[in-house]
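Summary of the model geometry
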Amino acid sequence: MAESARATSSKPRRIVLWFRNDLRLRDNVIVDEAVQSIRSKEYDEVLPVYCYDPRFSALSRWGHPKMGPYRAAFLQECVADLAANLQQLGSGLLVAVGKPEEVITGALDGAAAAGNLVLTQEEVTSEELAVDAKVARAVKGKAQVIRHWGPSLYHIDDLPFGEGLHNMPNVFTPFRGKVEKLCKVRLEFPSPGTGQLPLPPSLPHSLKQQLSAPLPQWQDLPWPAGYTPQRPTANAKAALQFKVSGSFLWCSQHALCHA
């Protein structure tokens, strides 16, 4: 698709790198895919994007906010850390409060008329899959949406069960035993280097403003109408204090896990 588009358009072919639940640069399959696609000259530029989708902080059917203040604060730290890490590489992060099908369509402004690419992590739950479908419809004809599996220790294609998981154990212990015996953890993807995720050198004014704008503050998050909780503060009595830094979750100066 990208090669045929190049023959009919002089505008650059863009990768929109849509971050969702995996906000790391290290060992991130979509980041590595973007790097390889730029290296092979299949695409020309990369625009990383993160959306605060109001649907995922709205009220549930039971009247409770889907996202509480502690999750929101942790998410803000992760987004800020991702933006800082990308800037260190000469890239950046377009952070928007809005629906991905609208934000990503706008993120393709100024790119080739066709043959662009939206890279994102594969999700499995109904709400995320509904968003996937809306994004695919919104960019149809201008970009292809490719989703890569990435959230689990073992890749879903490596599970030792038949098609449709018909012989997967119903109990965890035999499941774990079979997986540990027959599966191997895939090698991690390398972190991108400086200049390997080149931003579009020429963007429409509105996208330039979004890319350089300050990150959304607490009050800017898409809270349900009439509900803006207080941002949580550290409790001096807590046994453990957590903070996101360098794509790691830190506790008492020790890295516990990737954020």
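To start, this report covers the structure provided alongside it. Computed from a predicted structure; not experimentally measured.

1. Points about empty space enclosed by the protein
The tally for this structure, following the rule as stated, stands at 1 cavity of 30 Å³ or more. Estimates place the volume of the largest cavity at around 40 Å³. If you go around the largest cavity, the residues you meet are Trp18, Phe19, Arg20, Asp22, Asn28, Ile30, Thr120 and Gln121. At the level of elements, strand E1 (14-19) and strand E4 (116-121) are the ones that each hand at least two residues to the lining of the largest cavity. Of the residues contributing to the lining of the largest cavity, the split by class is 3 nonpolar, 3 polar and 2 charged.

2. Here's the deal with the nonpolar core
In terms of nonpolar packing, the biggest core is built from 33 residues, with Leu17, Phe19, Leu23, Tyr50, Val79 and Leu93 touching the most fellow members. For this core, the elements supplying multiple residues, two or more each, are E1, helix H2 (29-39), strand E2 (45-52), helix H3 (69-88) and E4. Among the elements that make up this core, the one with the highest residue count is H3 (8 residues). Here phenylalanine 19 is in contact with Arg24, Leu25, Asn28, Val31, Pro48, Val49, Tyr50, Leu82, Leu86 and Leu93, once residues within four sequence places are set aside. Counting 18 residues, the second-largest nonpolar core is a separate cluster that includes Leu94, Ala107, Val139 and Leu207.

3. Details of the pattern of salt bridges
A side chain with one charge may pair with a side chain of the opposite charge, provided their charged atoms come close. Throughout the structure, instances matching the rule amount to 12 salt bridges. Arginine 13 serves as the salt-bridge partner of aspartate 44, at 3.0 Å between the closest nitrogen and oxygen. Of this pair, aspartate 44 sits in the loop between H2 and E2 while arginine 13 sits in the loop between helix H1 (2-8) and E1; the two residues are 31 residues apart in sequence, bridging distant segments of the chain. The exposure class assigned to aspartate 44 is partly exposed, which follows from its relative accessible area of 32%.

Rules and cut-offs
- Residues numbered from 1 in each chain as written.
- Predicted model: local features only at pLDDT ≥ 70, side-chain atom pairs only at ≥ 80, totals over all residues.
- Heavy atoms only, no water.
- 1 Å grid on protein atoms, 1.4 Å probe; cavity = no way out; pocket = protein on both sides within 12 Å on 5 of 7 lines; lining within 4 Å.
- Points joined across faces, edges and corners; volume = space filled by probe spheres on them.
- Helix = DSSP H or I, 4+ residues; strand = E, 2+ residues; numbered from the N terminus.
- Nonpolar A, V, L, I, M, F, W, Y, C, P; charged D, E, K, R; others polar.
- Core = buried A, V, L, I, M, F, W, Y, C linked by side-chain atoms within 4.5 Å.
- Buried < 20%, exposed > 50% of the residue type's maximum accessible area, 1.4 Å probe, protein only.
- Contact = heavy atoms within 4.5 Å.
- Salt bridge = Lys/Arg side-chain N within 4 Å of Asp/Glu carboxyl O.

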